[in-house]
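What follows is each chain in one-letter form.
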Amino acid sequence: MRPQHNIEIMAGLFLLLGVVALMFLASTATDMGSKLGKEHYRVDIRFTNVGELKPRAPVTIAGVTIGTVKDIQLDPESFEAMVALDIDVTFNQIPADTSAAILTTGVLGDKYIGLEPGGSPDVLEAGDEITITQSAISIEQLIAKYLFSTNTPGDDE
Amino acid sequence: MPAKKTKLITLRKPVQIVGRGILFFIQVLTSFRPSLKQLKAILSQVYFIGTRSLVIIMVCGFFVGMVLTLQSYLELSKFGATDSVGTVLALSLFRELGPVLTALLFSGRAGTSIAAEIGLMKATEQLSAMELMAIDPVQRVVVPRFFAGVICVPLLTALFNLTAIAGGVAYAVYIMGVDSGIFWSNMLSSVEFQRDFMMSFWKSLVFGIVATFIAVFSGYFTTPTGDGIGRATTQTVVVTAVLVLIFDFIITALMSWT
Amino acid sequence: MKKNLIQLNNLSFNRGDKVILENVSLTVKQGSVVAIMGPSGVGKTTILKLITGQLRPDSGNVEVAGKCVSSMNHKNLYKLRRNIGVLLQNGALFTDLDVFENVAVPVREHSNLPEVLVRRLVLLKLQSVGLRGAVELMPSELSGGMARRVALARAAVLDPALMLYDEPLAGLDPIGASTIIRLIRDTNEAMEMTSVVITHSVEDMMQLADYAYIIANKKIVGHGTPDELRQNTDPQITQFLNGEIDGPVPFHYPADELTQDLLG
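Given the structure is predicted, the values throughout are model-derived calculations rather than measurements. (Residues numbered from 1 in each chain as written. Chains lettered and ligands numbered in written order. Predicted model: local features only at pLDDT ≥ 70, side-chain atom pairs only at ≥ 80, totals over all residues. Heavy atoms only, no water.)

Trainee: Hey, could you run me through the overall build of chain B in this one?
Mentor: Regarding its fold elements, chain B presents 9 helices and 0 strands. Ordering the α and β elements of chain B from the N terminus gives α-α-α-α-α-α-α-α-α. Along the three orthogonal principal directions, the C-alpha set of chain B runs to about 65 × 55 × 35 Å. Classification of the 258 residues of chain B by burial places 49% in the buried group. Within chain B, residue pairs in contact and separated by at least 24 positions form 84% of the contacts whose partners lie at least 6 positions apart. Of the roughly 11,800 Å² of accessible surface on chain B, a fraction of 72% belongs to carbon and sulfur atoms. (Helix = DSSP H or I, 4+ residues; strand = E, 2+ residues; numbered from the N terminus. Buried < 20%, exposed > 50% of the residue type's maximum accessible area, 1.4 Å probe, protein only. Contact = heavy atoms within 4.5 Å. Areas by Shrake-Rupley, 256 points an atom, 1.4 Å probe, with all protein chains shown as cover.)

This is the structure in structure tokens:
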């Protein structure tokens, strides 16, 4: 039965192709891809205001993505935002006195975290906290600042 | 008096069809036997249903991806947010367009041919002949087609999404010059596996069940005439389209609650 | 005295409000070829479906080999049907399978014979209907007569005790028809089968059957051997046998007087 045989091979190929497509989509087009097969270490940051930062936003140094925002929570005592970052283990030489800022892609784009490495010989390790931070710039506050020319200092500097 | 009688009949008919559908659905599910023969029959139906729908699904997917990118690029460029074009593309594909369009295309390509095939078997007494040979026609004819369809639709949806993304990349990156790294990383960071990918999967699974079941049901219960088979194929496409869109709303509502 | 293989006792069957059969009784002796005849649309095929249990009578019962078909459950019905071969009106070959696979369907379904034996069995059956050379053809490539013969081989492949033929000769040319007649007789004698043939063709019945029942007007109007029937003077039987246009079965479908209809 040759034709029957061919049909089964074609059907098998189709199934294979379909499953490969599913896996490929899951790994390259979703956040599964950034989690899959990579190890991370956890670093915490406190901000007074995270603005529109969302989980899974990229974390970059010099524009290169090195990790993602894992989680954003409110510290119930200090009322600061606790942001947990997952940073790829290949970037394990980040100085301890690195500063973090919440930046925006374009004028209305998504928020992301940009890290600015310091000069300390010590490196960040899992569970460490970045202390030098600059919160999200709220456009409304900026406008308010210019309009009323108040001299209140920047949020966090 | 006659008016009252016809009113009762028009009310009775749809209820009867729904009831018959539910019973038939249960019968199809319980008729599945995990035997080698059955699995082989399903596999060869996967060829007729799945492999042969591949080309139309992929061609349509590619162009849907391109047009979707073109449209969103035009709008997003007004805000200078063309980097998000990958996000818009992926989210609308995963959440809505992929499963829905695949189900509709599938119904038009494979559903109609399933309905016509089974209807023709009924009209030429092949189903009767099986019963008389003590072969259960549901088990032999309906079950392989149904399960093959249910397997095929999610896979076809994945292939549709994949080619649509490829079409989007082709248009955005190679024609409009969006940076491919930004395109992918924006898509990656905004498509959630749990929320979007799984929604695509669950939807396509449900749509696969709906589309294939409507096809086998219309074929199996058709009036065994040429006219009846014609109506069965039309009915397959129409009923599938309506039910898919209804279920689309229900699943979206359910999944966004949790 | 051979025993009765099929027995219909006071059978009635309605379709909706319409009475199809009323109080029909007939018996089929083992080993015989029995014809059930009558004008088209009189319920002959219904009788066949009642015998195989596809339809259930509204009253009365059907016995096959001493078992009551009318009250059987699905499982026993399927068990019974393995012992019955049915040749449907147009053969009903599976259009997606070739001739060999068509004949092999019942064998594969109901036995676990190794492929070699299946092949041998199927080829022998096809040889007996003269179509061993056609094993690789698809049903669409067969002529009407050939398709009928393949269907006959398929119905008889498991050597059932009872064969039912629904209009086996309808639409065949004379050569095809006489081939089928010979095959029906041959299989009946060679396998010691019992056959029930449903037909409206008087000639065929005379050549084929040992015994015949004539149905008209929802009832059995006469029965006997072909010779006995020929002698019969009952107008219902003579009309059918001689093919007279008007008689107990009227030419006109019941209607009001023509003049009344035309003149309003």
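Next comes the rest of the account.
Trainee: Got a minute to help me understand the interface of chain B and chain A in this structure?
Mentor: For interface size, the figure often reported is the accessible area lost on association. The interface is formed by 29 residues belonging to chain B together with 24 residues belonging to chain A. Overall, the association of chain B and chain A removes approximately 2,500 Å² of surface from exposure, summing both partners, and the carbon and sulfur fraction of that is 79%. The tally of links from chain B across to chain A stands at 0 salt bridges. Our count for the contact surface shared by chain B and chain A stands at 0 residue pairs in polar contact (both at pLDDT 80 or more). Of all the secondary-structure elements, those providing two or more residues to the side of chain B that touches chain A are α2 (36-49), α6 (137-175), α7 (180-190) and α8 (193-220) of chain B. It is α6 of chain B that provides the largest number of residues to the side of chain B that touches chain A, a total of 9 residues. Considering only residue class, the side of chain B that touches chain A consists of 21 nonpolar, 6 polar and 2 charged. (Buried area = accessible area lost by both parts, 1.4 Å probe. Salt bridge = Lys/Arg side-chain N within 4 Å of Asp/Glu carboxyl O. Polar contact = N/O pair within 3.5 Å; in protein donor to acceptor, adjacent residues only side chain to side chain. Nonpolar A, V, L, I, M, F, W, Y, C, P; charged D, E, K, R; others polar.)

Trainee: Looking at this structure, I do not really get the packing of α6 of chain B against α8 of chain B. What am I missing?
Mentor: Residues and elements named next belong to chain B. Two elements in contact, α6 and α8, have axes separated by 8 Å at closest approach and are oriented at 145°. For the pair α6 and α8, the crossing hand works out as right-handed. Counting all contacts with α6, which are made through Pro 137, Val 138, Val 142, Arg 145, Phe 146, Gly 149, Val 150, Val 153, Pro 154, Thr 157 and Asn 161, the residues of α8 involved are Ser 200, Phe 201, Ser 204, Leu 205, Gly 208, Ile 209, Thr 212, Phe 213, Val 216 and Tyr 220. Tallied by class, residues from the contact of α6 with α8 come to 13 nonpolar, 7 polar and 1 charged. (Axes fitted to C-alpha atoms, helices over the stretch in contact; angles between N-to-C directions. Left-handed = near helix turned anticlockwise from the far one by under 90°.)

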